[in-house]
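# A closer look at the structure
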Amino acid sequence: MSAKSDIITVREGKGSFLVYSPQKYKDPAWAPVFYNPRMKCSRDISSSIIQAYARLLGKESLVVVDALSATGIRGIRYLLENTAVSKVILNDLNPRAVEIIRENVEINNVSDSVEIRNEDAVRLLASLRGIDIVDIDPFGSPAEFIDPAIRSLKHKGMLCVTATDLPPLLGKFPKTCLRKYFAKSILTEFSRELAVRIMIYFVAREAAKLRRTAVPVFSFYHSHHIRTCFIVLRRETHYSGLIDSIGFVWYNPSSLDRKAVNLLDFRLAGNEWLIGGPLWISNLASQKMVETVLEIYRERKQNMDLCKNGEKIVSLMLSENEMPPFYFTTEKLAGTYSLKEMSTEETIEKLVNAGFRASPTHFEPKGFKTDANINDIVAILRTA
């Protein structure tokens, strides 16, 4: 392996891994093999999701495909930390990545449970069938991998997808978003949530064309990426809520009003409204899955040195998951309506005292979700 002096050993979860030193490469994309230490928190959560999936569905002897493995950290952690995982296929097209994967597999003594491949991820996925879990974690957009990943899964298999191409999804490049995900993104104070909802819609759409149903069970935003996980059903009629879950967002940047509009109820709004979508307008996760992930995360956090922020993210997801879509921010409300900006906690307390439901959101520290409409929110904040 070249550039041996650039390689260091890091510990993550239950494993030790060789990686190219982040100090030597300011951008992880510049390293001979991609490794981003900022993704540790996401990997901590993802490993707990694997365990929650196995626990809730009573699964054992799971076969996992990590289709874009890079150093192999994610897939090896799945194997080390989840007794239900019996085999992991680690794949990367980069020959240097395959070299470092082999070394990491040996270091962690998991050679008997790992199959290493050096193939194009789309071709690999297209050749597989009956897989329990497929993890797609590319540098950039996952769009091209979704179709073959869905085809490779068995009934009630799980698909986990990462997207790091956030500017198009956040509304900064709506034409690019339309090209990649067949949805129009819009720039709002709640664009992080819209990005997740567009990604869920895209995966659900890709499944539907294959006469399958992708049910979102865990979706979140963190740092520079979004992460969505689905149970994939190999029949389309089993999940009757699909049609009701696809729609559009209407957003009025002057009043900050917003609406989720079902696809079948869509009609043109007035000129003052921005329209984004199609996107997912139902819950972003299964409440039972989030509860189980939180339970597992708390069981593991001390023995495995898990990211403290990971527990906070999952806890906030639990509180907000069954709230109406599209969070508000205290900052935007104060600026638009010339209000004194309150803390998120104080804002939520006032809304709850007024008889509305309200919760913080993991998407934004100054954000909150509520079933109050914009007029009610402003009226309550004005009387503070």
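So, here's what we can say about the structure. (Residues numbered from 1 in each chain as written. Predicted model: local features only at pLDDT ≥ 70, side-chain atom pairs only at ≥ 80, totals over all residues. Heavy atoms only, no water.)

## Thoughts on the overall build of the protein
Scanning the protein from N- to C-terminus turns up 13 helices and 15 strands. Taken over C-alpha atoms, the radius of gyration comes to 21 Å for the protein, in line with the 21 Å a tight globule of 384 residues would show. Across its three principal directions, the C-alpha atoms of the protein cover 65 × 40 × 40 Å. Within the protein, buried positions represent 59% of all 384 residues. Partitioning the intrachain contacts of the protein with sequence separation of at least 6 by distance along the chain shows that 66% fall at a separation of at least 24. Averaging the locations of the 51 positively and 44 negatively charged side chains of the protein gives two centres separated by 2 Å. (Helix = DSSP H or I, 4+ residues; strand = E, 2+ residues; numbered from the N terminus. Rg over C-alpha atoms; globule rule 2.2 N^0.38 Å. Buried < 20%, exposed > 50% of the residue type's maximum accessible area, 1.4 Å probe, protein only. Contact = heavy atoms within 4.5 Å. Lys, Arg positive; Asp, Glu negative; His and termini not counted. Charge placed at Lys NZ, Arg CZ, Asp CG, Glu CD.)

## As for empty space enclosed by the protein
Inspection of every chain in the model, using the stated rule, returns 2 cavities of 30 Å³ or more. When its volume is computed, the largest cavity comes out at roughly 80 Å³. In terms of lining residues, the largest cavity is bounded by R197, S219, L284, A285, V290, M317, E320, N321, H362 and K369. Among the residues forming the lining of the largest cavity, the class breakdown is 4 nonpolar, 3 polar and 3 charged. The computed volume of the second largest cavity comes to approximately 50 Å³. If you trace the second largest cavity, you find it lined by T330, L333, A334, L339, K340, E341, M342, T347 and L381. Here the lining of the second largest cavity takes 3 residues from helix α11 (residues 330-337), the largest share from any one element. Residues belonging to the lining of the second largest cavity are distributed by class as follows: 5 nonpolar, 2 polar and 2 charged. (1 Å grid on protein atoms, 1.4 Å probe; cavity = no way out; pocket = protein on both sides within 12 Å on 5 of 7 lines; lining within 4 Å. Points joined across faces, edges and corners; volume = space filled by probe spheres on them. Nonpolar A, V, L, I, M, F, W, Y, C, P; charged D, E, K, R; others polar.)

## Side note on the layout of surface pockets
Its volume calculated, the largest pocket comes out at about 630 Å³. What lines the largest pocket is a set of 34 residues, among which F34, A70, D137, P138 and F139 lie closest to the centre. Residue composition of the lining of the largest pocket, grouped by class: 18 nonpolar, 7 polar and 9 charged. Space inside the second largest pocket adds up to approximately 300 Å³. Secondary structure elements with two or more residues in the lining of the second largest pocket: β8 (213-222), α10 (308-320) and α12 (344-353). Residues belonging to the lining of the second largest pocket are distributed by class as follows: 7 nonpolar, 7 polar and 4 charged.

## Let's talk about the pairing of strand β1 (residues 7-12)
Alignment of β1 against strand β2 (residues 15-20), held across 6 bridges, turns out to be antiparallel. Opposite R11, over in β2, you have S16 as the bridge partner. Where β1 folds back onto β2 in an antiparallel hairpin, the turn is made up of 2 residues, including G13, whose phi is positive at roughly 60 degrees. (Pairing = 2+ DSSP bridges.)

## Here's the deal with the environment of H362
Within the secondary structure, H362 is located in the loop between β14 (358-360) and β15 (367-370). Put simply, H362 and E322 are 40 residues apart on the chain and 13 Å apart in space, counted from C-alpha to C-alpha.

## Thoughts on the packing of aromatic side chains
As enumerated under the stated definition, the model contains 11 aromatic pairs in all. Ring centres 5.3 Å apart and planes at 80 degrees place the aromatic pair F190 and Y251 in the edge-to-face group. Placement of the pair is F190 in the loop between α7 (174-181) and α8 (191-209) and Y251 in strand β10 (residues 246-251), with a sequence separation of 61 residues. Its relative accessible area of 0% is what places F190 among the buried residues. Here the aromatic rings of F190 and F326 are separated by 5.4 Å at their centres, their planes lie at 35 degrees, and the arrangement is tilted. Separated by 136 residues along the polypeptide, F190 in the loop between α7 and α8 and F326 in the loop between α10 and β13 (328-329) bring together distant segments of the chain. For the pair shown, F190 and F326 are each scored as buried. Grouped by ring-pair contacts, the aromatic residues F190, Y251, F326, Y327 and F363 constitute a single cluster. Over the ring of F182 we find R205; its NZ or CZ atom is 4.1 Å from the centre of that ring. (Phe/Tyr/Trp six-rings, centres within 6.5 Å; stacked < 30°, edge-to-face > 60°. Lys NZ or Arg CZ within 6 Å of the ring centre and 35° of its normal.)

## Structural notes on the pattern of salt bridges
One pass over the full model with this rule turns up 30 salt bridges. Residue E12 is joined to R43 by a salt bridge in which the shortest nitrogen-to-oxygen separation is 2.8 Å. In this pair, E12 is assigned in strand β1 and R43 in helix α1 (residues 40-57), connecting sequence segments 31 residues apart. R43 shares its class with E12; the two are buried. For R298, the salt bridge is made with E311, and the minimal N-O distance between the two is 2.8 Å. Taken together, the residues R298 in helix α9 (residues 287-300) and E311 in helix α10 connect sequence positions 13 residues apart. The class for R298 is partly exposed, based on a relative accessible area of 45%. Beyond isolated ion pairs, a larger network of salt bridges with shared partners links E12, K40, R43, D44, R77 and E81. (Salt bridge = Lys/Arg side-chain N within 4 Å of Asp/Glu carboxyl O.)

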